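The primary structure of each chain is shown beneath.
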Amino acid sequence: MSPQPQAAVGAPLSRVDGRLKVTGQALYAAEHDVDGAVHAVIVDAAIGLGRIMSINSGAAEALPGVLKVIHHHNAPKLPYRDNSGSNNPPGRRLRVFQDDQVLFHGQPVAVVVATTLEAAQHGASLVKVGYDAEQSSTDLTEAEPDEPTNYARGDAEAALRSAAVRLDLTYRTARNHHNPMEPHATIARWNGDRLTVWDKTQWVVGTQTELAAVFGLDLDAVRVISPFVGGGFGSALRCWPHVVVAALAARETKRPVKLVLSRKQMYLGTGFRPSYEYRLRLGSDRRGRLSAAAHELDAETSSYETFTESILAAGQMLYSMPNVSQAYRTVPLDVPTPLYMRGPGFQTASFVIESAMDELAHKVGVDPIELRRRNEPNEDESSGLPFSTRRLRECYTVGAREFGWHRRNPRPRSTREGDWLIGRGMAAGVYDTARMPAQARARLDADGTAVVDAAATDMGPGTYTSQTQVAADALGLTVRTVTFRLGDSLYPPTPPHGGSMTMASVGSATLDACNKVRRQAIQLAVEDRESPLYGVPTADIVVRGGRLHVKNNPALGETYQRLLARNDRTHLEADGSFAPPSGPERHSFYGYNATFAEVAVDAALGLVRVRRVLGVYDAGRIISPKLADSQALGGMVGGIGTALLEHTVTDHRDGRIVNANLADYLVPVNADIPDLKAIYLDGEDREADPLGVKGLGELVMIGVAPAIANAVFNATGRRIRELPITAEALL
């Protein structure tokens, strides 16, 4: 087959769902009009560890409008059957209302269901719970860690002892919460033994699987609907207890139930980026060529589940060195389970590694970019595999030129503008190119329009638009004649909408389905004696604007409409799929970036202001430049928050989150956002997937925080090894 013309992919198109969003017609989880729905409000545990001794719900139950108060005394026992593919490990879930145990502050201990939200809220405030409290453990630095996960190549300890230059550095990063704009919400409705939920989720299939497991149902007895998600950043990648609570309340009251978490409750049970204590020892020669690195890191997890993330990979493959050791220990605490947050693992590792590289560059008197160039590997030294693509050197070159790196004075505290100290810093970033099996279905109707379905999600990056672009080009249609539908477990299954895998996975399945439909049409035409394309080799035919024609003779052809009408076809349809090749990988798949930052630091007050950020990305083929820019700028904003503002504060006396609100948990606002610019290297990665994409959403945040920290050092001469960077640390 001749290559299809590409008119939509690569074009800076506006979002196809943009009008729905700006006019309020896009329905989010809590906005679906489900007839007869009542309201539920969760009662949260007021202790960090212990047992429930009593629950007095009489006052709440007497309140007008309250239908039921459900807790472990009256809730039915749920089977929690293991379903293969469930997104929670069997036997390790938080089993809501199944016993009297309290495992963390804010755990759901009861739910009030009422005919109005106000009655449910008032009722929840009237439920009195008595506890036998124990001292909870919530401090990472004082708890006993699990056995480590280890990695080693060479002899790091011996190499460190003999290294001409050695660094021994300890970094600490704060817990961060996702804080998407849309609160987590679920509407649950039962019809006999069949359950439908409208849920804020980044994985409709995972939520479907989990609910089926919890209630002992067959998978096809559960339907999950999630057409729009108002931000997630990873917080909706699993089925949280409140989703189970909503479904349980709906079954017990025999009414559809709507449950919306408050902003405070989103700090109590929808995940977070865990805090870390991370020691890194580096060894090099006097020219900065790395010989060894030893990583020792502790990360918080919950007492009832073990959460880990890909924090070790960057230390194994980003730079060339023969000797590496790593020990990754989780520390069980009386806290809710952490979850993936944008750039999971790599974001934290990047801050540590890239800050240490900057410190090494300063110590040996080498420019930070030149130091990184000297330690650029020829292959992935953790696996011995060649990189599918790796253009980090080009990221450095383009970034340095566009940022004006040559104007940076390497001597700290040497550039001033009045009361402000000016500094410039940079960092490299890496994130793995994730791909998972996905399916899609495409249908071309007789009127020349098409519909493509997949159970994917769109939490903001523009899945509707990018998938429509891929489908339009594969079918040879205009974007306005293609409809992409997502967010329903009735559609073909897809992987989680996270890890920057959606475009590679779902996009490749969409491409496959649409290619099959186009080929069906071409085959129909060349076999149809009445078609002007009869007998033409299929390899010579392309489709553009809904019209099939010979590649080098556009006048010879016909439209989809005429072809299907003449053959009495109402439609053509095909299922598409994608899966990474089975067996061992033949390449090492990663995306890369170089991030540059300029800061101003008030010399007297220690206040840090970011003045500009530039990111240069080796992210493969860019499907939609306008969407890519949205992702990149948003990632930079998130990186600024991590570097300077975000910090979840825990009262270790009882595990209470002190700043569980957007007044006290600081995130960047417009006044914090400077000049941001993103540059994408032209290219593609056909080894990774048929589209040649690498994924962008995670990558763009990685490297921002260390670039800012390195710029702060250049401005002030003060090394900061703890995030967020505070004024107190600079005074």
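Residues numbered from 1 in each chain as written. Predicted model: local features only at pLDDT ≥ 70, side-chain atom pairs only at ≥ 80, totals over all residues. Heavy atoms only, no water.

Participant: Provide a residue-level description of the overall build of the protein, including the pertinent values.
Facilitator: In terms of helices and strands, the protein carries 17 helices and 30 strands. Rg of the C-alpha trace for the protein: 27 Å, near the compact-globule value of 27 Å for 731 residues, within the 12% margin. Here the protein holds 731 residues, and the buried ones make up 62% of them. Of all intrachain contacts in the protein linking residues separated by at least 6 positions in sequence, the fraction that spans at least 24 positions is 81%. For the protein, the distance from the average position of its 78 positive side-chain charges to the average position of its 83 negative side-chain charges is 4 Å. (Helix = DSSP H or I, 4+ residues; strand = E, 2+ residues; numbered from the N terminus. Rg over C-alpha atoms; globule rule 2.2 N^0.38 Å. Buried < 20%, exposed > 50% of the residue type's maximum accessible area, 1.4 Å probe, protein only. Contact = heavy atoms within 4.5 Å. Lys, Arg positive; Asp, Glu negative; His and termini not counted. Charge placed at Lys NZ, Arg CZ, Asp CG, Glu CD.)

Participant: Go over the confidence of the model for the protein with me, naming the residues and quoting the values.
Facilitator: Low pLDDT means the predicted coordinates in that region are not meant to be read closely. The share of residues in the protein with pLDDT of 70 or more is 98%, and the mean pLDDT across the chain is 96. In this model, residues 84–91 is a region of pLDDT below 50 whose contacts with residues beyond four sequence positions or in other chains number 19 contacts. (pLDDT = per-residue confidence, 0-100.)

Participant: So what's going on with the environment of Ala711? Which residues, and what values?
Facilitator: One can find Ala711 in helix H16 (residues 704–716). For the pair Ala711 and Val610, spaced 101 residues apart in sequence, the C-alpha to C-alpha distance is 9.3 Å.

Participant: Break down unusual backbone geometry for me, with residues and values.
Facilitator: Following Leu723, the chain continues into Pro724 via a peptide bond in cis, with omega recorded as 0°. With respect to the helices and strands, the residue Pro724 is situated in the loop between strand S30 (722–723) and helix H17 (727–730). Phi angles above zero are rare outside glycine, and Phe97 is one such case at about 60°. Here Ser500, not a glycine, exhibits a phi torsion of approximately 55°, which is positive. Relative to the helices and strands, Ser500 is located in the loop between strand S20 (482–485) and helix H13 (502–527). Take Ser500: its relative accessible area is 15%, and that puts it in the buried class.

Participant: Describe in detail helix H6 (residues 241–253), supporting the description with residues and values.
Facilitator: For H6, built from 13 residues, the straight-helix expectation of 18 Å at 1.5 Å per residue is met to within 8% by its first-to-last C-alpha distance of 18 Å. Of all 13 residues that make up H6, eleven are buried, and the element is covered over most of its length. Listed as buried for H6 are Pro241, His242, Val243, Val244, Val245, Ala246, Ala247, Leu248, Ala249, Ala250 and Thr253. Lys254 sits one or two residues past H6 and shows a positive phi near 55°. (Expected span 1.5 Å × (residues − 1).)

Participant: Account for the sheet that holds strand S4 (residues 101–102), naming residues and giving values.
Facilitator: The pairing of strands in a sheet comes from backbone hydrogen bonds and takes either a parallel or an antiparallel form. In space, the three strands of this open sheet follow the order S4-S2-S6, with antiparallel pairing throughout. A strand with exactly one partner marks an edge of an open sheet, and here the two such strands are S4 and strand S6 (128–133). Relative to S6, strand S2 (residues 50–56) is paired through six bridges, and the arrangement is antiparallel. Counted as the bridge partner of Asn56 is Lys128 from S6. (Pairing = 2+ DSSP bridges.)

Participant: So what's going on with the environment of Glu296? Residues and values would help.
Facilitator: Examined against the element boundaries, Glu296 turns out to sit in strand S14 (residues 290–302). Assessed through its relative accessible area of 32%, Glu296 is described here as partly exposed. Between the C-alpha atoms of Glu296 and Arg281, which are 15 residues apart in sequence, the distance is 8.8 Å. Ignoring sequence-local partners within four residues, the contact set of Glu296 consists of Glu277, Tyr278, Arg279, Arg281 and Ala327. Here Arg281 takes part through its side chain, which lies 3.1 Å from a polar atom of the side chain of Glu296. (Polar contact = N/O pair within 3.5 Å; in protein donor to acceptor, adjacent residues only side chain to side chain.)

Participant: Would you mind going over the pattern of salt bridges in detail, with residue names and values included?
Facilitator: Applying the stated rule across the entire model yields 39 salt bridges. The residue Arg611 makes a salt bridge to Glu598 at a minimum N-O spacing of 3.0 Å. Taken together, the residues span a long stretch of sequence, with Arg611 in strand S26 (residues 608–618) and Glu598 in strand S25 (residues 590–602) at a distance of 13 residues. Here the salt bridges do not stand alone but share partners, grouping Glu157, Asp168, Arg279, Arg281 and Glu296 into one network. (Salt bridge = Lys/Arg side-chain N within 4 Å of Asp/Glu carboxyl O.)

Participant: Outline the packing of helix H5 (residues 204–215) against H6, supporting the account with residue identities and numerical values.
Facilitator: One way to put it is that H5 packs onto H6 with a least axis distance of 11 Å and a crossing angle of 50°. Compared by their axis directions, H5 and H6 come out oblique. Crossing handedness for the pair H5 and H6: right-handed. Where H5 abuts H6, its residues Thr207, Leu211, Val214 and Phe215 lie against Val243, Val244, Ala247, Leu248 and Arg251. Taken together, the residues that form the contact of H5 with H6 break down as seven nonpolar, one polar and one charged. (Axes fitted to C-alpha atoms, helices over the stretch in contact; angles between N-to-C directions. Parallel < 35°, antiparallel > 145°, perpendicular 65-115°, else oblique. Left-handed = near helix turned anticlockwise from the far one by under 90°. Nonpolar A, V, L, I, M, F, W, Y, C, P; charged D, E, K, R; others polar.)

Participant: Give a description of the layout of surface pockets that names residues and reports values.
Facilitator: The calculated volume of the second largest pocket comes to roughly 360 Å³. What lines the second largest pocket is a set of 19 residues, and nearest its centre among them are Thr173, Ala174, Ser275, His647 and His652. Split by residue class, the lining of the second largest pocket holds five nonpolar, eight polar and six charged. (1 Å grid on protein atoms, 1.4 Å probe; cavity = no way out; pocket = protein on both sides within 12 Å on 5 of 7 lines; lining within 4 Å. Points joined across faces, edges and corners; volume = space filled by probe spheres on them.)

Participant: Give me the lowdown on empty space enclosed by the protein, citing residues and values where you can.
Facilitator: Counted under the stated rule, the structure contains seven cavities of 30 Å³ or more. Forming the walls of the largest cavity are 26 residues, and the residues nearest its centre are Leu94, Trp240, Pro241, His242 and Gly269. Contributions of two or more residues to the lining of the largest cavity are made by strand S1 (38–44), H5, H6 and helix H7 (266–269). Of the residues in the lining of the largest cavity, the class split is 15 nonpolar, six polar and five charged. Quantified by volume, the second largest cavity comes out at close to 80 Å³. Lining the second largest cavity, in full, are Thr173, Ala174, Asn176, Arg273, Pro274, Gln347, Thr348, Phe351, Thr642, Glu646, Leu723 and Pro724. Considering each element in turn, the lining of the second largest cavity owes the most residues, three residues, to helix H9 (residues 346–364). Its residues assigned to classes, the lining of the second largest cavity comprises five nonpolar, five polar and two charged.

Participant: Quick one: what's the story with the environment of Ser531, residue by residue and with numbers?
Facilitator: You can see Ser531 is positioned in the loop between H13 and strand S21 (541–544). Residues Ser531 and Ala450, 81 residues apart in the sequence, show an inter-C-alpha distance of 22 Å.

Participant: Describe the sheet that holds strand S12 (residues 257–260), naming the residues involved and giving the relevant values.
Facilitator: A sheet is described by the order of its strands in space; here seven strands give the open sequence S3-S5-S1-S12-S9-S10-S11, paired in mixed fashion. Each edge of the sheet is formed by a strand with only one pairing partner; in this case those strands are strand S3 (66–71) and strand S11 (222–225). If you compare each strand with its neighbour and ignore which way they point, the axes differ by 20° on average. Of the pairings in the sheet, the one linking S1 to S12 comprises three bridges and is parallel in character.

Participant: Explain the side chain of Ser500 to me, using residue names and the numbers behind them.
Facilitator: Looking at Ser500, its side chain comes within polar contact range of the main-chain nitrogen of Gly697, at 3.2 Å. Sequence-distant contacts of Ser500, that is, excluding residues within four places in its chain, are made with Ala434, Lys694, Gly695, Leu696, Gly697 and Glu698.

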